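The primary structure of each chain is shown beneath.
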Amino acid sequence: MNESAPAEGPREEALGRPDGPAGSPYGPVAEPPAPRRTRSGAVVVGPTAIARWRPLALVGLPIIALLLCPFAATGIAQWQQGRAAAGLDDLLTRALGHGALQLLAGAIVLWILFALWALVPILATHKVALLDEDARTLTLRRGLRTAGTAPLAQVVYAVGEAERGSTGLIGVDRGGEEPERWTLPEVAWDEESFDGLRVLQAAAGLRPAPSRRVLAALARRSRRGAAHRELAARLGMPWRPEYEEDEAAFRAEFDRVRRVLGGKEPPREGDPRP
């Protein structure tokens, strides 16, 4: 269902608002987006159900199937023995008489069953937005049904963090006091998912975000800088602006201050005292 926006809106500094600087549609880091598209050509904003299901089916479920394959192999062995007792001596019956092949067949059967079972709830609950660039409309899909449609001119914001687990927010102006809020789980599931959001931002006349790869690198750099600041504060080490750009310089100074505090090196002016 569509969701009404609460009193607090998305952060003002988030990309995807109409107050961004003019210039290149995709900002200073001009990395053209390459979103997924439907067969009709609509841009998929966020991950498709198959994109979210694929890692589970290819990585997680095979491991579970391998762990449980002895139970399935027992059933396959009983089935094979029943066929042999009935006088059937075909290639399949003879092949499944080997324990190793029974385990392999059990793992494959469980893998297929688990993959199909996992796909059903994803298809039923998956949420995604489809942008029709020709008709200039945005459609919110939940599962197999349409949960909302809006002209592109009514989209007042479209924001989302560029990290796994983040939720995309789309604001639709229906003429009320607050924009209607659409939520898109896992909007940064992968590069193509986030590129769909970038295309929506540009099409709606908002400030497009840089690519997911660029924003993820900036986030890592920010976390690394925060960790370095915390280490420097613990030692009482003065912080310098160049440490933000030069990690090697920070490491060298950090090691020197540690030697000073350990009494292995004489202090300089401004150094913390042991």
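Residues numbered from 1 in each chain as written. Predicted model: local features only at pLDDT ≥ 70, side-chain atom pairs only at ≥ 80, totals over all residues. Heavy atoms only, no water.

S.K.: Could you clarify how one ought to interpret the packing of helix α5 (residues 212–235) against helix α6 (residues 247–261) in this entry?
M.R.: Contact geometry of α5 with α6 gives a least axis separation of 11 Å together with a crossing angle of 20°. Relative to α6, the element α5 is oriented roughly parallel. As for how α5 packs across α6, the hand of that crossing is left-handed. Where α5 abuts α6, its residues Arg224, His228, Leu231, Ala232 and Leu235 lie against Glu247, Phe250, Arg251, Phe254, Val257, Arg258 and Leu261. Here the residues of the contact of α5 with α6 are counted per class, giving 7 nonpolar, 1 polar and 4 charged. (Axes fitted to C-alpha atoms, helices over the stretch in contact; angles between N-to-C directions. Helix = DSSP H or I, 4+ residues; strand = E, 2+ residues; numbered from the N terminus. Parallel < 35°, antiparallel > 145°, perpendicular 65-115°, else oblique. Left-handed = near helix turned anticlockwise from the far one by under 90°. Contact = heavy atoms within 4.5 Å. Nonpolar A, V, L, I, M, F, W, Y, C, P; charged D, E, K, R; others polar.)

S.K.: Help me understand the environment of Asp132 in this model?
M.R.: Mapping Asp132 onto the fold places it in strand β3 (residues 127–132). Judged by relative accessible area, which is 31%, Asp132 ranks as partly exposed. In this structure the C-alpha to C-alpha distance between Asp132 and Pro151, which are 19 residues apart in sequence, comes to 9.7 Å. At a separation of 3.0 Å, a polar atom in the side chain of Asp132 contacts the main-chain amide nitrogen of Ala135. (Buried < 20%, exposed > 50% of the residue type's maximum accessible area, 1.4 Å probe, protein only. Polar contact = N/O pair within 3.5 Å; in protein donor to acceptor, adjacent residues only side chain to side chain.)

S.K.: I tried to follow the packing of aromatic side chains on my own but got confused; where do I start?
M.R.: Centre distance and the angle of the planes are the two values used to describe a pair of aromatic rings. Overall, the coordinates contain 5 aromatic pairs when judged by the stated rule. Each ring, one from Phe114 and one from Trp117, has its centre 5.8 Å from the other, and the planes form 45°; the classification is tilted. Here Trp117 and Phe114 lie together in helix α3 (residues 99–125), a separation of 3 residues that amounts to about one turn. The exposure class of Phe114 is buried, given its relative accessible area of 17%. Clustering of aromatic rings is evident, with ring pairs tying together Trp239, Tyr243, Phe250 and Phe254. The ring centre of Trp189 lies 5.7 Å from the NZ or CZ of Arg52, which sits over that ring. Positioned above the aromatic ring of Trp189 is the side chain of Arg164, whose terminal nitrogen or guanidinium carbon lies 4.0 Å from the ring centre. (Phe/Tyr/Trp six-rings, centres within 6.5 Å; stacked < 30°, edge-to-face > 60°. Lys NZ or Arg CZ within 6 Å of the ring centre and 35° of its normal.)

S.K.: Sorry if this is basic, but what is going on with the packing of helix α1 (residues 49–85) against α3 here?
M.R.: The relative placement of two packed helices comes down to the angle between their axes together with the axis-to-axis distance. For the pair α1 and α3, the least separation of the axes is 5 Å and the interaxial angle reads 140°. Relative to α3, the element α1 lies oblique. Of the two possible hands of crossing, α1 and α3 adopt the one that is right-handed. The class makeup of the residues in the contact of α1 with α3 is 29 nonpolar, 2 polar and no charged.

S.K.: How do you make sense of the nonpolar core when you look at a structure like this?
M.R.: Nonpolar side chains in soluble globular proteins tend to end up buried together. Membership of the largest hydrophobic core comes to 26 residues, with the highest contact counts inside it found for Leu131, Leu138, Ile170, Trp182, Phe194, Leu197 and Leu200. Those elements giving two or more residues to this core turn out to be β2 (43–45), β3, β4 (137–142), β5 (145–151), β6 (155–159), β7 (167–172), β8 (180–185) and α4 (191–203). With 4 residues, α4 is the largest single contributor of residues to this core. Those residues in contact with Leu197 that sit more than four places away from it in its chain are Val45, Ala158, Val159, Gly160 and Val187. Ranked by size, the runner-up nonpolar core spans 12 residues in total, among them Ala49, Ala115, Ala118 and Leu119. (Core = buried A, V, L, I, M, F, W, Y, C linked by side-chain atoms within 4.5 Å.)

S.K.: Honestly, α4 in this entry has me stumped. Any pointers?
M.R.: Because the α-helix completes a turn every 3.6 residues, residues three or four places apart line up on one side. For α4, which comprises 13 residues, the first-to-last C-alpha distance of 18 Å matches the rise-based estimate of 18 Å (1.5 Å per residue) to within 8%. Here α4 lies mainly inside the structure; 10 of its 13 residues are buried. Residues Glu191, Ser193, Phe194, Asp195, Gly196, Leu197, Arg198, Val199, Leu200 and Gln201 constitute the buried set of α4. Turning to α4, the residues buried within the fold contact β2, β3, β4, β6, β7 and α5. Two residues or fewer past α4, Gly205 is found with a positive phi of approximately 80°. (Expected span 1.5 Å × (residues − 1).)

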